[in-house]
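Close look at the chain arrangement
In case you want the letters, here they are:
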Amino acid sequence: MANSEDLFKNIISHAKEYGFIFQSSEIYDGLSAVYDYGQNGSLLKNNIREYWWKAMVQLNENITGIDAAIFMHPTTWKASGHVDAFNDPLIDNRDSKKRYRADVLIEEHVAKIEAKIEKEVEKAAKRFENFDAVLYRTTNPRVAEYQKKIDEINLRFKTALETGDLAEVKQIIVDCEIVDPVSGTRNWTDVRQFNLMFSTQMGSVTEDANVIYLRPETAQGIFVNFLNVQKTGRMKIPFGIAQTGKAFRNEIVARQFIFRMREFEQMEMQYFVKPGTEMEWYNRWKEKRMNWHRTLGIPAEKYRFHDHLKLAHYANAACDIEFEFPFGFKELEGIHSRTDFDLKNHEKFSGKKLQYFDTDDNQNYIPYVVETSIGLDRMFLAVLSHSYKEEKFASANPSSGGLSDGSKRVVLQIPPFLAPIKVGVFPLVAKDGLPEKAHEIFNTLRYEQQCFYEEKDTIGRRYRRQDAIGTPYCITIDHQTLQDNTVTLRDRDTMQQERINVSEVSRVVNEKVDVRQWLKRL
Ligand code: ATP
């Protein structure tokens, strides 16, 4: 297996080669950090979105969904704090002329020290029998020294951010002797704040008053509709409003493929609760969301919680669900206790009451909010990178469709219900009446599942192409089919084939790819 850097490169080229993800406007050399989803990518993306929607909206009677516009009244973003505070601290290296997020440079430096600790622990674990990792972490002087360094940096950084002391942020970079990965020098500029919102003009006259923003998060469309939904849906607290949709951020450092994009899609849910109960709900939603991830069958150790050191301007508690991408553990989803910050400010800026009348204890209040916010594109990358397997075969495998000694296949082991195509339908050869029979089956199945028909090329190559896009099942129509009305059903992961009757095909396939199996585990 390739090392993780090569592996990531292979995944990126695989995503392009098989119609999952293309660079935006590629014929013009692309647009930085903007991507298009191709024929298979858009299907996979839709399936992930639908799985989230079913889990959040369909399965929770007190959660309902909306679809708000991308453009909003500009005062929305004043009230939400995004005009004044949606900034990233940026720093330039004078030699490489590259721009970085100061907070990311510091976090990466801390992660390197953390990695050193892990190495020490691993080394010691190999040396001692009955090794107690917890004891070792607390007593080993070298580890203690590293930990002290981490705590010092974190504390300085947190204080600097809280007080808006950008000179101190730069000083931390200087004191940690952080070098530019490109130029290798420490020739840094001062740290400056940079607002991440894209703006444009509405109407035909170019005036400041007409400036509107492309939403940097979908959440505000939910907040401004809070009372509309509560009243028309007759919702009682606690209740949630869910939404999926595009968001836009002028990211300073846009890299790592679809991990950090300037146009991306969020799947967010705001849960409105009685003030004082928010921590209970925050903890419950942490657990529920982690459970959603785990039902996909991705091993638990690929996920971890990470509590926020730096709380956003609206939060009183926040954590990330991190996923182990090929480039390391990174944020996949955020769970935030947003207090009443947003609704209170919208009340203030709009002059309209945004309160809930609680009939249980006869009082009006502004609800508190617990938010779950996941990037659809990041989830796509998590599924894609985890499913991508390069397999090498040591010996000839009769059911592998022609794979022999030393041959390889790339397979996407996507959970079947998420796969872009559910069934490939193939006549063994394009003659003797087999294509006609195959079409007949295809034309029945396509009403139930996304299917794919192909008759060109050897059957082995056709299987390989379906493996590469993660199609869980292939059906082959051969000469025997014409005699006894049976076909072979081939399983993507085991490559085993079984013969089943044509009348059974749709039931067997539907059962295997049925999303309900996964939803029931939630
Ligand atoms: P990061 O620290 O990685 O910039 P964030 O903490 O700013 O992310 P949130 O504002 O909490 O992110 O957004 C919620 C979710 O939206 C994130 O967990 C992530 O999955 C997704 N997301 C945020 N920014 C981007 C982006 N530029 N490209 C793709 N997905 C994104």
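Note that the coordinates shown come from a computational prediction; the quantities given were computed from them, not determined experimentally.

**Some details on the site of the ligand**
- Near the ligand you find 16 residues, and of these Glu-251, Arg-260, Met-261, Glu-331 and Leu-332 are the closest.
- Met-261 is positioned such that a nitrogen or oxygen atom in its backbone is 2.8 Å from a nitrogen atom of the ligand.
- Breaking the shell around the ligand down by element, the ones donating at least two residues are β10 (263-273), β13 (328-339) and β16 (368-375).
- For the shell around the ligand, the per-class residue count stands at four nonpolar, five polar and seven charged.

**Remarks on the sheet that holds strand β4 (residues 87-92)**
- One open sheet accounts for three strands, arranged β5-β4-β6; its pairing is antiparallel. Looking along the sheet, the strands with just one partner apiece sit at the ends: β5 (99-101) and β6 (192-195). Each strand axis lies, on average, 45° off the axis of its neighbour in the sheet, ignoring direction.
- The sheet contact formed by β4 and β5 spans three bridges and is antiparallel. Bridging from a neighbouring strand, Asp-92 pairs with Arg-99 of β5.
- On the sheet, helix α5 (residues 102-127) packs against β4 and β5 and is oriented at approximately 65° with respect to β5.

**Quick notes on the pattern of salt bridges**
- Summed over the entire model, instances satisfying the criterion amount to 41 salt bridges.
- Between Asp-88 and Arg-101 there is a salt bridge whose closest N-O contact spans 3.4 Å. Separated by 13 residues along the polypeptide, Asp-88 in strand β4 and Arg-101 in strand β5 bring together distant segments of the chain.
- A relative accessible area of 13% means that Arg-101 is categorised as buried.

**A few points about helix α2 (residues 39-58)**
- For α2, with 20 residues, the first-to-last C-alpha span of 27 Å sits near the 28 Å given by 1.5 Å per residue.
- When α2 is considered as a whole, its buried residues turn out to be Asn-40, Gly-41, Leu-44, Lys-45, Asn-47, Ile-48, Tyr-51, Trp-52, Lys-54, Ala-55, Met-56 and Val-57.

**Some thoughts on the pairing of β16**
- Among the eight residues that make up β16, eight are buried, leaving the element largely enclosed by the rest of the structure.
- Two strands pair when backbone bridges link them, and β10 and β16 are joined in this way by eight bridges, in the antiparallel orientation. Within β16, the residue paired with Val-273 across the bridge is Tyr-368.
- Two elements, β13 and β16, share six bridges in a ladder whose sense is antiparallel. Paired with Glu-333 across the strands is Ile-374, a residue of β16.

**Some thoughts on the packing of α2 against helix α11 (residues 278-294)**
- Following both chains from N to C, one finds α2 and α11 inclined at 140°, their axes separated by 12 Å at the closest point. Here α2 lies oblique to α11, going by the angle between them. Note on packing geometry: the crossing formed by α2 with α11 is right-handed. Contacts between α2 and α11 involve Tyr-51, Trp-52, Ala-55 and Met-56 from the first element and Trp-285, Arg-289 and Trp-292 from the second.
- In terms of residue class, the contact of α2 with α11 is made up of six nonpolar, no polar and one charged.

**Notes on helix α14 (residues 434-445)**
- Under the 1.5 Å per step criterion, the end-to-end length of α14 is 17 Å for 12 residues, consistent within 8% with the ideal 16 Å.
- Buried within α14 are the following residues: Leu-434, Pro-435, Lys-437, Ala-438, Ile-441, Phe-442 and Leu-445. Looking straight down α14, one finds its buried side chains confined to an arc of 160°; they lie on one side.
- At its buried positions, α14 is contacted by β19 (423-427), β20 (451-453), β21 (473-477), α16 (479-484), β22 (486-491) and α17 (502-513).

Here is what the cut-offs are and how they apply
- Residues numbered from 1 in each chain as written.
- Predicted model: local features only at pLDDT ≥ 70, side-chain atom pairs only at ≥ 80, totals over all residues.
- Heavy atoms only, no water.
- Near = heavy atom within 4 Å.
- Polar contact = N/O pair within 3.5 Å; in protein donor to acceptor, adjacent residues only side chain to side chain.
- Helix = DSSP H or I, 4+ residues; strand = E, 2+ residues; numbered from the N terminus.
- Nonpolar A, V, L, I, M, F, W, Y, C, P; charged D, E, K, R; others polar.
- Pairing = 2+ DSSP bridges.
- Axes fitted to C-alpha atoms, helices over the stretch in contact; angles between N-to-C directions.
- Contact = heavy atoms within 4.5 Å.
- Salt bridge = Lys/Arg side-chain N within 4 Å of Asp/Glu carboxyl O.
- Buried < 20%, exposed > 50% of the residue type's maximum accessible area, 1.4 Å probe, protein only.
- Expected span 1.5 Å × (residues − 1).
- Parallel < 35°, antiparallel > 145°, perpendicular 65-115°, else oblique.
- Left-handed = near helix turned anticlockwise from the far one by under 90°.
- Arc of directions from axis to C-beta.

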